[in-house]
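Here are the chains, one letter per residue:
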Amino acid sequence: MGLGWYIARRVAWSFVVTFIIVSVTWGLLTAAPNPEVQQAAQQAAMAGDNPAEAQDRVRQLRGLDRPLYEQYIGYMTNIYTLNWGWSDSRAQPVTEAVTEALYYTVQYSVPWTLLVVTLGPLVGLYSSANQYSWKDHLATGFAFFGYAIPNFFFGIILLLIFGVELGWIPITYNTDVPVFSVENAIQLAVPVFVLVTGSIGGIMRVSRNESSEYMNADFVKTARAKGVSTFRIYARHVLRPTMVPLSTTMVAQLLALFTGSSILVEVVFSIPGLGRLLFRAIVAQDTSVVLGTSLFFVFVATIGNLLQDLVYTVLDPRISFDER
Amino acid sequence: MATEDSPRFDTVDWDEITSGGGREVTKSLVALGASLAGLAALLLYDYVVVPDRTATFAAVGWGYDVTKLDWLLALSLLFVAFYGALPLYRNERMTRYYWKEFKKNRPAVASLVFLAVVFVGGVFGPLVISSPESELLRQFQPPVFMEIPQNYVIECVGERAAGVCRGTWQHPLGTTPDGRDIFKMIVYGMQISMKVGLIATLMAVVIGASVGTVSAYAGGMVDEVLMRYVDIQQSFPTLVLYLLIIYTWGGGLFTMVLLFGLFSWEGTARYVRSNALSKSEEEYMKASRLSGAGTYHTIRRHLIPNTASSIITDATLLIPAFLLAEAQLSFLGLGDTSVASWGQLISVGRDHLSYAPWITLAPGLVLFLTILAFNFLGDALLDALNPEARAEAES
């Protein structure tokens, strides 16, 4: 009953979570009126046919006349075997559309996440080590600015200044450039900057507040009295207990931002990623794509939560995983 | 639970004993009950007596139709008054101390003033100011002290000079492409933002704090079940849930606020739980339990007040998050299109940025300042309410 068993159980639980959520989405979709059926009825009515007959035909075609449990089993099997259906608005399988979009989302979210996860706690720690100095005020001011300015608004303003007025960055995203090229770095610089300023503030703030509680804790004083170097004190004695509460907020914040911001930033900067795929699918009433992208976001969130819990146990040896 | 093996102490209703000493508690409870009853009576009156499509207070000659959200807002305001303002008023000494500490942070005082303006504007603005009407002839009027080339406007309200149209005080922040007054729209947007921020946050904080403290204090199966549910909720981003629901059923502001409040407390619950876990090991908690206090009393009187600083910090992060979420959805055109919120105004101006930037800038800046103010406020409140953290840091 050690760490291995805990991890195994935690991973198994994540599967249960996705299972429950996928079931909830099935419930939502089944209980709601199907846009496809309504559309068929409308078309039939306009063409002078019997709308009820057309509805039945579509229901039969889509297997909606089967008993509920059969529909449910079919739905679950399709989701877990990655058979996510056909996108009418894009004329390609949903999985293909998602992978294509993911390619563009990854390009900006990897540098964004790396920058936030490394810089956020460090600046927060630095800020709390120099509390109430001008450096702290500067860092706090930046954190507040970045946190407070709405990503999409900031994006529009920067696009107006650097794209339209100064002409330094392209106004529309160019998908033809290779991933590791100067052009791509230039066109992704502003979206990444917007996302980093937007998400680093919260993490800086939490890490500053949490580490200020440990800055003069007894164990830090003891370490200092023993002659432990300042760097080691911060890295081993302050940062480590700070990371425990921080890790819970960090993953949650990043995930919330990932879903929200990726839609907004992609729409503003016209990046053909997952967020824009979801947005366009909602506008085009393309149920399979809406479902596919939503579930993708859900899977990302589940994996993030899993990682968060695992990190939590590794970072804080005080938490016992034997009883869980 | 520690008290489980001593049922004789566990059966003591501790609240009865403490409240027996002070009459004030019962008085305020009576007042709260009376206000709630009054609100419920008005609600019944609105839904039973007043005919559909008639303004609620038409009988007294006031043509304002109260919506479902307004009722929720009134309820939230009642709770804020009774559990926020009243205790502060009663504990004058502590209030003065908090204010002394709070005053040291000047940006926070400025933020408080700004938020008070938004709050008052949101509550009373729409009652006083007539709703912004569309006047196509008056499109693209610039704000005061600004100007726009003549060819964009049809009719210039202010003076015309050298091919430009200047702004006037009649439209202090200019007008939209369909000639609505931006200042009025921002005031009306204040109310929407306030509803979203206040109602959803109150719901999320109450649920999150209860779940977090109960889970930390009870432990065992209760903790397990609650936290597993939180896991599920955390894996289902509220925004995606909202998008799925408006996609399948359609929705409005009411659905949005309700969904935000009911499905985004998982962060609060986790944060409060981890804080309460460390607090429940403190000596005063043990002392309270040893002297025979019941679970409810220990949680309500010792655990919640001592985790209040983390609850409040979390609330000041939640409010701007909800405001932002609402603005984002309206910006995408997936929010409530029947109400003119700040996000919608930002998206209206997006196509006219190069010649009429104020349409986007004005609401965007107000949104930015509101979120900023909440952050300053939260920071100052944390310092004022949790002197321990600061004293440790300064020594």
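Residues numbered from 1 in each chain as written. Chains lettered and ligands numbered in written order. Predicted model: local features only at pLDDT ≥ 70, side-chain atom pairs only at ≥ 80, totals over all residues. Heavy atoms only, no water.

- Chain B has the name Binding-protein-dependent transporters inner membrane component in an unreviewed UniProt entry, where Halogeometricum pallidum JCM 14848 is given as its organism.
- UniProt, in the comment section headed Sequence similarities (unreviewed entry), describes chain B in these words: "Belongs to the binding-protein-dependent transport system permease family."
- Quoted verbatim from the Subcellular location (unreviewed entry) field of the UniProt record, the comment on chain B reads "Cell membrane". (UniProt positions renumbered as here; feature names shortened; annotations may be inferred.)

- Taking an unreviewed UniProt entry as the reference, chain A is identified by name as Binding-protein-dependent transporters inner membrane component belonging to Halogeometricum pallidum JCM 14848.
- Check the Sequence similarities (unreviewed entry) section of the UniProt entry for chain A; it says "Belongs to the binding-protein-dependent transport system permease family."
- Under Subcellular location (unreviewed entry), UniProt gives the following word-for-word description of chain A: "Cell membrane".

**Thoughts on the overall build of chain B**
Move 1: Looking only at helices and strands, chain B has 16 helices and three strands in total.
Move 2: Counting only residues that meet the buried cut, chain B has 49% of its 395 residues in that class.
Move 3: For chain B, restricting intrachain contacts to residue pairs at least 6 apart in sequence, the fraction spanning at least 24 positions comes to 70%.
Move 4: Just so you have it, chain B exposes about 18,900 Å², and 64% of that area is on carbon and sulfur atoms. (Helix = DSSP H or I, 4+ residues; strand = E, 2+ residues; numbered from the N terminus. Buried < 20%, exposed > 50% of the residue type's maximum accessible area, 1.4 Å probe, protein only. Contact = heavy atoms within 4.5 Å. Areas by Shrake-Rupley, 256 points an atom, 1.4 Å probe, with all protein chains shown as cover.)

**Description of the side chain of E266 of chain A**
Residues and elements named next belong to chain A.
Move 1: Relative to the elements of secondary structure, E266 occurs in helix 10 (residues 230-269).
Move 2: Of the buried charged residues, E266 lacks a salt bridge, with R276 as the closest side chain of opposite charge at 6.2 Å.
Move 3: There is a polar contact of 2.6 Å between the side chain of E266 and the side chain of Y108.
Move 4: The contact partners of E266, leaving out residues within four places of it in the chain, are T105, Y108, S261, I271, G273, L274, G275 and R276. (Lys, Arg positive; Asp, Glu negative; His and termini not counted. Salt bridge = Lys/Arg side-chain N within 4 Å of Asp/Glu carboxyl O. Polar contact = N/O pair within 3.5 Å; in protein donor to acceptor, adjacent residues only side chain to side chain.)

**With respect to helix 7 (residues 182-218) of chain B**
Residue and element names in this part refer to chain B.
Move 1: For helix 7, built from 37 residues, the straight-helix expectation of 54 Å at 1.5 Å per residue is met to within 8% by its first-to-last C-alpha distance of 52 Å.
Move 2: Burial analysis of helix 7 places 28 of its 37 residues in the buried class, which makes it a mostly covered element.
Move 3: The backbone nitrogen of F183 lies 3.3 Å from a side-chain oxygen of the residue at the head of helix 7, namely D181.
Move 4: Backbone geometry just downstream of helix 7 places G219 in the positive-phi region, at approximately 65 degrees. (Expected span 1.5 Å × (residues − 1).)

**Observations concerning the interface of chain A and chain B**
Move 1: The interface is formed by 58 residues belonging to chain A together with 54 residues belonging to chain B.
Move 2: Put simply, chain A and chain B have two residue pairs in polar contact (both at pLDDT 80 or more) between them.
Move 3: Listed by contribution, the elements that provide at least two residues to the side of chain A that touches chain B are helix 1 (3-31), helix 6 (134-148), helix 7 (151-165), helix 8 (182-214), helix 10, helix 11 (274-283) and helix 12 (287-315) of chain A.
Move 4: Top contributing element to the side of chain A that touches chain B by residue count: helix 12 of chain A, with eleven residues.

**Here's the deal with the UniProt feature "domain: ABC transmembrane type-1" (unreviewed entry) in chain B**
Move 1: Taking the UniProt record as the reference, the feature "domain: ABC transmembrane type-1" (unreviewed entry) is found at residues 190-378 of chain B.
Move 2: Summarising residues 190-378 of chain B: 83% helix, 0% strand, and an end-to-end C-alpha distance of 20 Å.

**Looking at the UniProt feature "transmembrane region" (unreviewed entry) in chain B**
Move 1: Taking the numbering used here, the UniProt-annotated feature "transmembrane region" (unreviewed entry) corresponds to residues 29-50, 71-89, 109-129, 196-219, 239-263 and 355-377 of chain B.
Move 2: For residues 29-50 of chain B, the end-to-end C-alpha separation is 30 Å, with 95% helix and 0% strand making up the annotated structure.

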